[in-house]
Amino acid sequence: MLHVLRRPLSALLLGTMLALPPPAAAGPVETRLAEELLASLGPSVPPDAQVALTLGRPFDGPVDAVRDIGLDPRTGIFQARILSDGHVVELSGRADVEVTMPVPVRRIRPGEIIEAADLTTIRLSLDRAGAGFIASADALIGQSPRRQLSTGRLVQVGSVGAPVVVQRNRPVTLVYEDGALLLAARGRALQEGGVGDTVRVMNIASSTVVTGTVTGAETVSVSGPRVPQAARP
């Protein structure tokens, strides 16, 4: 299926990959198709993606415009229609798209904070990277694993989150704010969580289970008048 191009995107042409001896340098049509192919893949592909493109047959004419281009991710076969000297020319070939992905350089356990020194990057094909893995080191730094991360393995989406500041079965402070009114009560966390996570907490005074948002170390904010008014800070 062909995708209509919507935006330009720079690409680095790695060279041709024919079994026959490759040309000394990639021609302008390969470079242009590499750029447009990455653009057609949309924002899900990182901007530093690279493509190695091979034409099925040689073409050395001018490229006035690329009408459309599409890639079959299963086979790596691309098809394109270009405008050259007023004529529409159909081209096809193989394209291998590679992306850079972050991986840990050591085993990182739950509760640890991921730092830049804990990560390196590897290059691999787009189909192996997949949408289910975190593609940016910035999205990992400062986070904490929810389960152990292995050395050299891609990090799955959802396997890291904000550092845990509320521990399960540990005391927390329940806070209720309504304008100038601030109420607080003692609670016991029924779930662990980081800042911004939603967790369930038992109000120790009433044994009522409420749901709130973690706002800091051992602190959970709840909405609505569910904290006893007698328990003021």
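In the block above lies the structure referred to throughout.
Residues numbered from 1 in each chain as written. Predicted model: local features only at pLDDT ≥ 70, side-chain atom pairs only at ≥ 80, totals over all residues. Heavy atoms only, no water.

S.K.: Is there a simple way to think about the overall build of the chain in this case?
M.R.: A count of helices and strands for the chain gives 2 helices and 14 strands. Counting across all 233 residues of the chain, residues that qualify as buried make up 37%. Within the chain, counting contacts between residues at least 6 apart in sequence, those at least 24 apart form 54% of the total. For the chain, the accessible area works out to roughly 13,200 Å², and carbon and sulfur atoms hold 52% of it. (Helix = DSSP H or I, 4+ residues; strand = E, 2+ residues; numbered from the N terminus. Buried < 20%, exposed > 50% of the residue type's maximum accessible area, 1.4 Å probe, protein only. Contact = heavy atoms within 4.5 Å. Areas by Shrake-Rupley, 256 points an atom, 1.4 Å probe, with all protein chains shown as cover.)

S.K.: Help me understand the sheet that holds strand β9 (residues 171-178) in this model?
M.R.: Around the barrel, 5 strands lie side by side as β9-β10-β12-β13-β14; this closed barrel has mixed pairing. Strand-to-strand twist in this sheet, taken as the mean axis angle between neighbours without regard to direction, amounts to 55°. With 6 bridges joining them, strand β12 (residues 198-203) and strand β13 (residues 208-216) adopt antiparallel strand pairing. Bridge assignment links V201 to a residue of β13, and that residue is V210. (Pairing = 2+ DSSP bridges. Axes fitted to C-alpha atoms, helices over the stretch in contact; angles between N-to-C directions.)

S.K.: Just checking my understanding: could you explain the pairing of β13 for this structure?
M.R.: Remark: 4 residues form the turn of the hairpin made by β12 and β13, two consecutive strands paired antiparallel; S207 in that turn has positive phi of roughly 60°. Two elements, β13 and strand β14 (residues 219-222), share 3 bridges in a ladder whose sense is antiparallel. Considered in β14, the bridge of G216 is made with T219. The turn joining β13 and β14, which pair antiparallel and follow one another in sequence, is formed by 2 residues; a positive phi near 55° is taken by E218.

S.K.: When you look at the pattern of salt bridges in this model, what are you seeing that I'm missing?
M.R.: Charged atoms that come close allow side chains of opposite charge to pair. As enumerated under the stated definition, the model contains 8 salt bridges in all. The shortest N-O distance in the salt bridge between R81 and D68 comes to 3.3 Å. Here D68 lies in strand β2 (residues 65-72) and R81 lies in strand β3 (residues 77-84), a separation of 13 residues in the sequence. Judged by relative accessible area, which is 26%, R81 ranks as partly exposed. Between D96 and R94 there is a salt bridge; the shortest N-O distance is 3.1 Å. Exposure remark for D96: the relative accessible area of 21% places this residue in the partly exposed category. The network of salt bridges with shared partners includes R106, E112 and D118. (Salt bridge = Lys/Arg side-chain N within 4 Å of Asp/Glu carboxyl O.)

S.K.: Please explain the environment of L91 as it appears in this structure.
M.R.: Among the structural elements, L91 can be located in strand β4 (residues 87-104). Exposure remark for L91: the relative accessible area of 4% places this residue in the buried category. For L91 and R57, which are 34 residues apart along the polypeptide, the C-alpha to C-alpha distance reads 7.8 Å. Excluding residues within four positions of it along the chain, L91 makes contact with V29, L33, L55, R57, F59, F78, Q79, A80 and I82.

S.K.: Sorry, what's going on with the nonpolar core here?
M.R.: Nonpolar side chains tend toward joint burial in soluble globular proteins. One finds V29, L33, L55, F78, I82 and L91 to be the most contacted residues of the largest nonpolar core, which totals 26 residues. Those elements that place two or more of their residues in this core are α1 (28-40), β1 (50-55), β2, β3 and β4. At 6 residues, the largest contribution of residues to this core is made by β4. Among the nonpolar cores identified, the runner-up in size contains 12 residues, and L174, Y176, V201 and V222 belong to it. (Core = buried A, V, L, I, M, F, W, Y, C linked by side-chain atoms within 4.5 Å.)

S.K.: What is the right way to read the side chain of S84 from this model?
M.R.: Along the chain, the position of S84 falls in strand β3. Given the relative accessible area of 8%, S84 is considered buried. A distance of 2.6 Å separates the side chain of S84 from the backbone oxygen of P62, its partner in a polar contact. When neighbours within four sequence positions are excluded, S84 is seen to be in contact with F59, G61, P62, D64 and V89. (Polar contact = N/O pair within 3.5 Å; in protein donor to acceptor, adjacent residues only side chain to side chain.)

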